[in-house]
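Each chain is listed here by its residues.
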Amino acid sequence: MLYIVLGIITTLFAVVGVAMFAFGVRRMVQTVRLGRPVEDGRTGPFGRRLTTTLIEVLGHTRMLKRPWVGIAHWFVMVSFPLLVFTVAEAHGEVWDPHFHLPVIHDWTVYGLAIEVIAGLGLAAIAGLAVYRQIKGPRRLGRGSRFANSVHWTAYYVEAYIIALLAAIFVIRGFKVAMDEFPFPVWATPISHALGAVLPASEPGLALVAAFKLIISWLFFMVLAAVVTMGIGWHRFTAPFNIYFKRDPEGSPALGAAKPMMDKTGKKPLDFEEADPDEDPFGVGRVEDFTWKGLLDFSTCTECGRCQSQCPAWNTGKPLSPKKLVMDLRDHAYAKAPYLMQGVTAETLEEKAAEDAAHADTDVLALLQRPLVGTEEEGGVIHPDVLWSCTNCGACVEQCPVDIEHIDHIMDMRRYQVMIESSFPSEANTLLKNLENKGNPWGMAEDRRMDWIAELDFEVPVVEDKLPDGTEYLFWVGCAGALEDRAKKTTKAIAELLHTAGVKFAVLGGMEACTGDPARRLGMEYVFQMLAQQNVETLNEAGVTKIVASCPHCFNTLGNEYPQLGGEYDVVHHSQLLARLVEEGRLTPVQPIEENITYHDPCFLGRHNKVYTPPREIMAQVPGITTKEMHRHKERGFCCGAGGARMWMEERIGKRINTERVDEALTTDPDTVSTACPFCQVMLGDAINEKKSQGQAKETLEVVDVSQLLLRSVKGGSAPAEEGEKEKA
Ligand code: SF4
Ligand code: SF4
């Protein structure tokens, strides 16, 4: 009788569990399909995308960035499909405790595989549960990567997996005690150890099998009921999210910004023809995200790796990339049932006008909720969250399931800037200067050539065509041409190229801002205007090879201009200079006896994976001792200038550049080196502040690696650095 009752109950749980889970999958698919179409190239090529997905999922390549957590998670992951066999077996055991799976039930390899996977899976999940407690917000507060996560779901998933795996061993122990266990002790030691203490109880075995089935099917019911439970759903959604990521080669959505597409998702948005009522000018409602965006939100596991690396979150700002994704997810799933039925704010408003007494005010409020707005406005995402992002890419780089945070942040910024005209007022000046003068500072075009007059050799300036024999067009960039500290880097690079005999020319007054700050701010129109102008100039001049000193220009010219018909071979100056040193065309001779720490610019490092050349340059300079900061290379910490933040006030929390300099100071440097004019300015400002507070030595400076190289190549003091640094 007991077995019949258990059999019926567990079968009912299975039937309801499968049905509810199918319902949950349907609801998720329908919600994701509410999104706009994705751009071409997201779904294929099938083979390459599938390979990337298999490598990332089975190889856990992104999880292994934190090796111990990655290994533990791998065992938990593989236990899931493998233990399906034990669930199937349990469905027989509740009816008949002597039941065995056909064919494989006495294969030693099967017994061993289950023992190993369940055993290591159990140890792994227990370890992860302890890790969550040690690193949890109760101990670390805001500093915990689990801060902002929904905790009950995590505890529930951990408890379920522990109970499931433990039940497997208990069932096996009963079988050992009943002398019905066909596997040798060496292959199944845990089961045999339990068998030594458990009674030979058939009802006991059936009850534990029933318990195992009930918690398993209950898990599927809970998943269906809580579709926003990313920590449970990601095992199903993550492979799809990885498959459909922006780059089929497997790298995260860094480098180029996602282009704006028209309403079909197939054609780049043409501002001449675009209709703001039809075409998406960014994202103003959650259903304006593409379906990949909605899949991203559904897939977040709430692991907090993004949050733990985010410079905004780490300096006390309200932006947590994890919370942003979770808030968008919760809002999307709250709205979705109404959108699926064709209910919109407009239809509800009409109904309310006709019959105020029966108006559904709660649903109307939900549908009218602004995507970006203050608490008073009921916004899903606070403007301070949106504008805190530096586009540094740490979140995208860290995310184990390839969520594309920056694309979503930029899409929301685009709507705020181009449709709502709502953005930090300081950025107004930036946009005006870019539109009117072609540079962020609003300086006259001819000032772009001031630095050339300070050199004692000729720098060819393009008039219409690149002079014959020119190897590289040196893209100076606005900061490099107009900002005093960055001009020193420009002159150092020019002098090094000249010394090495590299034939180069500059555009001088014909060069305009690449448009990066406008694009990262969300003003795509200004970006396109500047970019088209530059592409025209470069193409007419016959440019094919560019050396750029600014990583933002380097990224835009190399990764974004191809979207507008500008195909160039672009290198960063650190890459070219490292090669010239390697080829013996530049020889560092003068020792620089200094302790130097290098700061990775986000748009050079994380966005473009250029980590080695600047370090190689320093390694070739005699006397330099380098010391890495704790956060470097992939985990480098932003200077605070990216995402157009350079031109916005930083009113909330600690300044990001101060945080970075505090970290640099822990290495006790004589010099901080970098390879980006914006980093140079941001870190320089923070160092000056530290000096004024007596917290940094007076001689401490920020220099570009090219300046260090020039000092060593020339010996003595290089003209580019005159008056800049007088070391004792
Ligand atoms: S891009 Fe950088 S600043 Fe922006 S959310 Fe991601 S980690 Fe934070
Ligand atoms: S790293 Fe990715 S999965 Fe983890 S919390 Fe952030 S967005 Fe979610």
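The structure under discussion appears in the preceding block.
We now turn to the structure provided with this report. (Residues numbered from 1 in each chain as written. Chains lettered and ligands numbered in written order. Predicted model: local features only at pLDDT ≥ 70, side-chain atom pairs only at ≥ 80, totals over all residues. Heavy atoms only, no water.)

**Things to note about the overall build of the protein chain**
The cut-off we apply is this: Counting from the N terminus, the helices are DSSP H or I runs at least four residues long and the strands are E runs at least two residues long. In this scheme, a residue with accessible area under 20% of its type's maximum is buried, one over 50% is exposed, and one in between is partly exposed, where area comes from a 1.4 Å probe on protein chains only. Any two residues whose heavy atoms approach within 4.5 Å are treated as being in contact. Every accessible area reported is derived by Shrake-Rupley at a probe size of 1.4 Å, with residue values counting cover from the shown protein chains alone. Think of it this way: Lys and Arg go in the positive column, Asp and Glu in the negative one, and His and the chain ends go nowhere. To locate a charge, the coordinates of NZ of Lys, CZ of Arg, CG of Asp or CD of Glu are taken.
Counting its regular elements, the protein chain contains 31 helices and 8 strands. Along the longest, intermediate and shortest principal axes, the C-alpha atoms of the protein chain span 100 × 75 × 50 Å. Counting across all 728 residues of the protein chain, residues that qualify as buried make up 58%. In the protein chain, of all internal contacts separated by at least 6 residues, the share reaching a separation of at least 24 is 77%. Of the roughly 29,300 Å² of accessible surface on the protein chain, 58% is carried by carbon and sulfur atoms. On the protein chain, the mean spot of the 72 positive side-chain charges and the mean spot of the 92 negative ones are 5 Å from each other.

**Concerning the pairing of strand 7 (residues 671-674)**
We apply this condition: For crossovers, right-handed means that the path from the first strand over the helix to the second runs clockwise, given strands pointing away from the viewer.
Alternating positions in strand 7 separate into two faces, Thr 671 and Ser 673 on one and Val 672 and Thr 674 on the other, with burial throughout. Following the backbone out of strand 7, through helix 30 (residues 677-692) and into the adjacent parallel strand 8 (residues 701-704), one traces a crossover that is right-handed.

**Description of the environment of Ala 619**
Within the secondary structure layout, Ala 619 lies in helix 28 (residues 612-620). With a relative accessible area of 61%, Ala 619 lands in the exposed category. Taking the C-alpha atoms as reference points, Ala 619 and Val 197, 422 residues apart in sequence, are found 63 Å from one another.

**As for the packing of aromatic side chains**
We apply this condition: What counts as a ring pair is set by centres within 6.5 Å for rings of Phe, Tyr and Trp (its six-membered ring), and what kind of pair is set by the plane angle: stacked under 30 degrees, edge-to-face over 60, tilted for all other angles. Charge over a ring is defined by NZ of Lys or CZ of Arg lying within 6 Å of the ring centre and within 35 degrees of the ring normal.
Applying the stated rule across the entire model yields 26 aromatic pairs. Between Phe 181 and Phe 183, the ring centres sit 5.0 Å apart and the planes meet at 85°, which makes this aromatic pair edge-to-face. The class of Phe 183 is buried, set by a relative accessible area of 6%. Here Phe 219 and Phe 220 contribute two aromatic rings whose centre-to-centre distance is 6.1 Å and whose plane-to-plane angle is 80°, an arrangement assigned as edge-to-face. The ring of Phe 80 has Arg 235 sitting right over it, with the charged end atom 4.2 Å from the ring centre. Sitting over the ring of Phe 637, Arg 631 keeps its end group 3.9 Å from the ring centre.

**Describing the site of ligand 1**
How we decide: Whether a residue is near a molecule or strand depends on its heavy atoms: it is near if one of them lies within 4 Å of it. Under the scheme applied, nonpolar residues are Ala, Val, Leu, Ile, Met, Phe, Trp, Tyr, Cys and Pro; charged residues are Asp, Glu, Lys and Arg; polar residues are all the others, including Gly.
Close to ligand 1 lie 13 residues, the nearest being Cys 310, Cys 389, Cys 392, Gly 393 and Cys 395. Counting only elements with at least two residues in the shell around ligand 1, the list comes to helix 18 (394-398) and helix 19 (405-418). Across the shell around ligand 1, the residue classes break down as 10 nonpolar, 3 polar and no charged.

**Examining the environment of Pro 280**
The topology assignment puts Pro 280 in the loop between helix 10 (230-243) and helix 11 (291-299). Owing to a relative accessible area of 15%, Pro 280 belongs among the buried residues under this scheme. Remark: the alpha-carbon pair of Pro 280 and Met 261, spanning 19 residues in sequence, is separated by 7.4 Å. When near neighbours in sequence (up to four residues on either side) are disregarded, Pro 280 contacts Arg 36, Met 260, Met 261, Asp 262, Lys 263 and Leu 269.

**Points about helix 2 (residues 46-58)**
What counts is decided by this rule: By this rule, a helix spans an expected 1.5 Å times one less than how many residues it contains. Throughout, the arc means that of the directions going from the helix axis to the C-beta atoms.
An ideal rise of 1.5 Å per residue puts 18 Å on 13 residues; helix 2 measures up with 17 Å between its terminal C-alpha atoms. Every buried residue of helix 2 is accounted for by Arg 49, Thr 52, Thr 53 and Glu 56. In a view along the axis of helix 2, the buried residues occupy a sector of 100°, so they form one face of it. Pointing more than 90 degrees away from the buried face of helix 2 are the exposed residues Phe 46 and Leu 58. Contact partners of the buried residues in helix 2: helix 10. Immediately beyond the C-terminal end of helix 2, within one or two residues, lies His 60, with a positive phi of roughly 50°.

**Quick word on the site of ligand 2**
The environment of ligand 2 is formed by 13 residues, the closest being Cys 300, Cys 303, Cys 306, Cys 399 and His 405. When the residues that make up the shell around ligand 2 are grouped by side-chain class, the tally is 7 nonpolar, 3 polar and 3 charged.

**What about the sheet that holds strand 3 (residues 545-548)?**
Formally: Paired strands, in this sense, are two strands between which DSSP finds at least two bridges. As a rule, the C-alpha atoms of each element are fitted with a line to give its axis, helices using only the stretch in contact, and angles between N-to-C directions run from 0 to 180 degrees.
In spatial order, the strands read 2-1-3-4; together these 4 strands make up an open sheet with parallel pairing. With one partner strand each, in any of the chains shown, strand 2 (504-505) and strand 4 (569-572) form the two edges of the open sheet. Direction of pairing for strand 1 (residues 472-475) relative to strand 3: parallel, over a ladder of 3 bridges. Bridged to Trp 475 within strand 3 is Ala 548. In the packing of helix 27 (residues 573-582) onto the sheet, the strands contacted are strand 1, strand 3 and strand 4, and the crossing angle to strand 4 comes to about 80°.

**Comments concerning a nonpolar patch on the surface**
Selection criterion: What goes into a patch is any residue over 30% in relative accessible area without a salt bridge, connected to like charges within 9 Å or, for nonpolar side chains (Val, Leu, Ile, Met, Phe, Trp, Tyr), within 5 Å. We define a salt bridge as a contact between a side-chain nitrogen of Lys or Arg and a carboxyl oxygen of Asp or Glu at a distance within 4 Å.
On the surface, Ile 4, Ile 8, Leu 12 and Trp 95 cluster together into a nonpolar patch covering about 400 Å² of accessible area. A relative accessible area of 45% places Ile 8 in the partly exposed class.

**Re the packing of helix 1 (residues 2-32) against helix 14 (residues 321-340)**
As a reminder, the rule being used: Should an angle lie under 35 degrees it is considered roughly parallel, over 145 roughly antiparallel, and from 65 to 115 roughly perpendicular; all remaining angles are considered oblique.
In the contact formed by helix 1 and helix 14, the axes pass within 10 Å of each other and the chain directions differ by 85°. Taken together, the axis directions place helix 1 and helix 14 in an arrangement best described as roughly perpendicular. The segment helix 1 lies against helix 14, with Arg 27, Met 28, Gln 30, Thr 31 and Val 32 engaging Ala 332, Tyr 333, Ala 336, Pro 337 and Met 340. Within the contact of helix 1 with helix 14, the residues separate by chemical class into 7 nonpolar, 2 polar and 1 charged.

**A look at the nonpolar core**
For the record, the criterion: By nonpolar core we mean a set of buried residues, namely Ala, Val, Leu, Ile, Met, Phe, Trp, Tyr and Cys, connected to one another through side-chain atoms within 4.5 Å.
Counting residues in each nonpolar core, the largest one holds 191 residues, and the members touching the most others are Met 412 and Trp 451. Counting 8 residues, the second-largest nonpolar core is a separate cluster that includes Leu 254, Val 396, Ile 406 and Met 410.

**Some words on the pattern of salt bridges**
For the structure shown, the criterion picks out 55 salt bridges. Lys 292 is the salt-bridge partner of Asp 296, the closest N and O atoms lying 2.5 Å from each other. Placement of the pair is Asp 296 and Lys 292 together in helix 11, with a separation of 4 residues, close to one helical turn. The class of Asp 296 is buried, set by a relative accessible area of 0%.

**Structural notes on helix 1**
An ideal rise of 1.5 Å per residue puts 45 Å on 31 residues; helix 1 measures up with 44 Å between its terminal C-alpha atoms. Among all positions in helix 1, only Leu 6, Gly 7, Thr 10, Ala 14, Gly 17, Phe 21, Gly 24, Met 28, Thr 31 and Val 32 are buried. On its buried side, helix 1 packs onto helix 4 (84-93), helix 9 (202-225), helix 10, helix 11 and helix 14.

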